[in-house]
Amino acid sequence: MNTRLVKYISLAAIVLEAAACSKVKYEPDPSDVPSGAPLVTVLYDPGALGDRSYNDLIYSGVEQAALERGLRTMQIAPSTASEGIAVLEEYFRQMSTRRDTVRRLLVVAGAEYEDFVRRRSSDLEGNPLADLLFLETDEPLEGKGSTLTLPYYGAMYEAGAVSRVYSDKVLLIAANPKTAAIQESIKGFTEGFDADYLKDEEARKLRIEWLSDDSGGGFKIDDSDAMRIVYDGEQYPVAQLIFPVCGGASGTFYRLSDLFGGFDYIGIDAASLSPHCPFSVVKHIDWAIDLCIGEWMSPDGMPKHQSLSFEDGWTEFVLHPYTEKQRLWAEYVLTNQLSAAIHEDAVKKEAENE
């Protein structure tokens, strides 16, 4: 973890402590840049930062955008959902009445806050300098603010199709069935897996394991539960290839593979991870955040809603032929012709799914 991340997590702790007393000021360290500079605040789901994937990409995207444009940032990582709601309560209270000359953008990067944001977004309509960006939803806000989604269907379809080519036993570990992005990911992956581009008669099995039944659940897991899912009391893993679609919990499964071996895994929202990771599915949310901040600072502002597609490269399936076995597989089984056919179908399927 870099020192800048530690700094902002420490600041978040101060902010959250103040929230209980309704004294949040939404002002970062004034030594960073001039105090009149625009301020971008990001609120994450509890425990989201440090996942080495989606949320950390948001963090780096915001910091890079701020560095390039001379902005101030405040990134808030609450320990509980109630702390996050307390921060939102105070932010909306202050921004509905504040009348200084500082432009402020609140980026909400947590699915747990969706109900609150939709109920209260109109509170900001009286403040022309306060704006809102809510991530990963297909439904625009009725009040003030913008929404953004990066559909995962196409990249997941390609991953599912390639997984069937790679292995005859695949275990997909999903956070929960109630989070829209997870639902979309599972649908794309399973439909790609079922497409069967090899047209072989060999039995190939896809098993899905849900970590939680609760909306917002399944993004954390301890080692013992992860071991139970992967090995199920046996000496060897239940599948040759594992795909954890479960946010920060994915790192636990990556670690099991690197420590004990016996299976490969598909990385998610990380360009490359280890020799046990033959390919990854990546959502370039850091690029998208940079785009939105640039739009926010422009005279036209952010669009009310935008969807950034797989076809245009905002999500991506990436091969990592680290080992000789993986390289030979990519050369002789997943040929360029087969790979291109799968990718072309994935683009079409995502457009149809939308």
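Residues numbered from 1 in each chain as written. Predicted model: local features only at pLDDT ≥ 70, side-chain atom pairs only at ≥ 80, totals over all residues. Heavy atoms only, no water.

A.B. asks: Before we move on, can you summarise a nonpolar patch on the surface with the specific residues and values?
C.D. replies: Together, Leu198, Leu328, Tyr332 and Val333 line one region of the surface with nonpolar side chains, adding up to about 340 Å² of accessible area. Along the chain, Leu328 turns up in helix H10 (residues 324-332). Residue classification places Leu328 among the partly exposed residues on the basis of a relative accessible area of 34%. (Patch = residues over 30% accessible without salt bridge, like charges linked within 9 Å, V, L, I, M, F, W, Y side chains within 5 Å. Areas by Shrake-Rupley, 256 points an atom, 1.4 Å probe, with all protein chains shown as cover. Salt bridge = Lys/Arg side-chain N within 4 Å of Asp/Glu carboxyl O. Helix = DSSP H or I, 4+ residues; strand = E, 2+ residues; numbered from the N terminus. Buried < 20%, exposed > 50% of the residue type's maximum accessible area, 1.4 Å probe, protein only.)

A.B. asks: Describe in detail the side chain of Asn127, supporting the description with residues and values.
C.D. replies: Take Asn127: it is sitting in the loop between helix H4 (114-120) and strand S4 (130-135). Filtering out sequence-adjacent residues up to four positions away, Asn127 remains in contact with Met95, Arg98, Arg99 and Lys144. (Contact = heavy atoms within 4.5 Å.)

A.B. asks: If you had to explain the sheet that holds strand S6 (residues 169-174) to someone new, which residues and values would you point to?
C.D. replies: Across a sheet, strands are paired by hydrogen bonds formed along the backbone, either parallel or antiparallel in direction. The strand order across the open sheet built from six strands is S7-S6-S8-S9-S10-S12, with neighbouring strands paired in mixed fashion. The sheet is open, and its two borders are formed by strand S7 (205-210) and strand S12 (315-319), each paired with just one other strand. Neighbouring strand axes in the sheet, compared pairwise and without regard to direction, differ in orientation by 20° on average. Pairing geometry for strand S10 (residues 279-283) and S12, over five bridges, is antiparallel. Each bridged residue has a counterpart across the sheet, and for Lys283 the counterpart in S12 is Thr315. Along the sheet, helix H6 (residues 180-195) makes contact with S6, S7, strand S8 (241-245) and strand S9 (264-268), crossing S7 at roughly 170°. (Pairing = 2+ DSSP bridges. Axes fitted to C-alpha atoms, helices over the stretch in contact; angles between N-to-C directions.)

A.B. asks: Describe the packing of aromatic side chains, with residues and values.
C.D. replies: For any pair of aromatic rings, the description consists of the separation of the ring centres together with the inter-plane angle of the planes. Evaluation of the coordinates by the stated rule reveals ten aromatic pairs. Measuring from ring centre to ring centre gives 5.5 Å for Tyr166 and Phe279, while their planes differ by 90°; the resulting arrangement is edge-to-face. Placement of Tyr166 in helix H5 (residues 153-166) and of Phe279 in strand S10 is noted, with a sequence separation of 113 residues between them. Just as Tyr166 is buried, Phe279 falls in that class too. Each ring, one from Tyr166 and one from Trp329, has its centre 4.7 Å from the other, and the planes form 85°; the classification is edge-to-face. One end of the pair, Tyr166, is in helix H5; the other, Trp329, is in helix H10, and 163 residues separate them in sequence. Classification of Trp329 by relative accessible area gives buried; the value is 11%. (Phe/Tyr/Trp six-rings, centres within 6.5 Å; stacked < 30°, edge-to-face > 60°.)

A.B. asks: Tell me about a negative patch on the surface, residues and numbers included.
C.D. replies: On the surface, a cluster of negative charge is contributed by Asp138, Glu139, Glu142 and Glu354. With respect to the helices and strands, Glu142 occurs in the loop between S4 and strand S5 (146-149). (Lys, Arg positive; Asp, Glu negative; His and termini not counted. Charge placed at Lys NZ, Arg CZ, Asp CG, Glu CD.)

A.B. asks: Describe the environment of Pro177, and please don't skip the residues or the numbers.
C.D. replies: Along the chain, the position of Pro177 falls in the loop between S6 and H6. Here the alpha-carbon distance between Pro177 and Gly217, two residues 40 residues apart in the chain, equals 9.4 Å.

A.B. asks: If you had to explain the pairing of S5 to someone new, which residues and values would you point to?
C.D. replies: The alternating pattern of S5 places Ser146 and Leu148 on one face and Thr147 and Thr149 on the opposite face, and all of these are buried. Across three bridges, the pairing between S4 and S5 is parallel. Each residue of the ladder has a partner; that of Phe134, found in S5, is Thr147. Alignment of S5 against strand S11 (residues 305-307), held across three bridges, turns out to be parallel. Residue Thr147 lies in a different strand from S11, and its bridge partner there is His305.

A.B. asks: I'd like to hear about the pattern of salt bridges, residue by residue, with values.
C.D. replies: Here the structure, examined in full by the defined rule, presents 13 salt bridges. Here Asp290 makes a salt bridge to Arg69, at a shortest N to O gap of 2.9 Å. Of the two residues, Asp290 is situated in helix H9 (residues 285-297) and Arg69 in helix H2 (residues 54-69); the sequence distance between them amounts to 221 residues. Overall, the relative accessible area of 29% leaves Arg69 in the partly exposed class. Asp100 is paired through a salt bridge with Arg104; the nearest N and O atoms lie 3.1 Å apart.

A.B. asks: Could you give an account of the nonpolar core, naming the residues involved and the relevant values?
C.D. replies: One finds Met156, Phe189, Phe243, Phe253, Phe279, Val281 and Trp329 to be the most contacted residues of the largest nonpolar core, which totals 52 residues. The leading source of residues in this core is H5, at nine residues. By size, the runner-up hydrophobic cluster in this structure holds 28 residues, among which are Tyr54, Val107, Leu148 and Leu150. (Core = buried A, V, L, I, M, F, W, Y, C linked by side-chain atoms within 4.5 Å.)

A.B. asks: Got a sec to walk through the environment of Val42? Specific residues and values, please.
C.D. replies: As for its position among the elements, Val42 is in strand S1 (residues 39-44). Val42 sits in the buried class, given a relative accessible area of 0%. Each C-alpha atom of the pair Val42 and Leu133 lies 9.4 Å from the other, and the pair is 91 residues apart in sequence. Those residues in contact with Val42 that lie beyond four places of it in its chain are Ile58, Val62, Met74, Gln75, Ile76, Val107 and Ala109.

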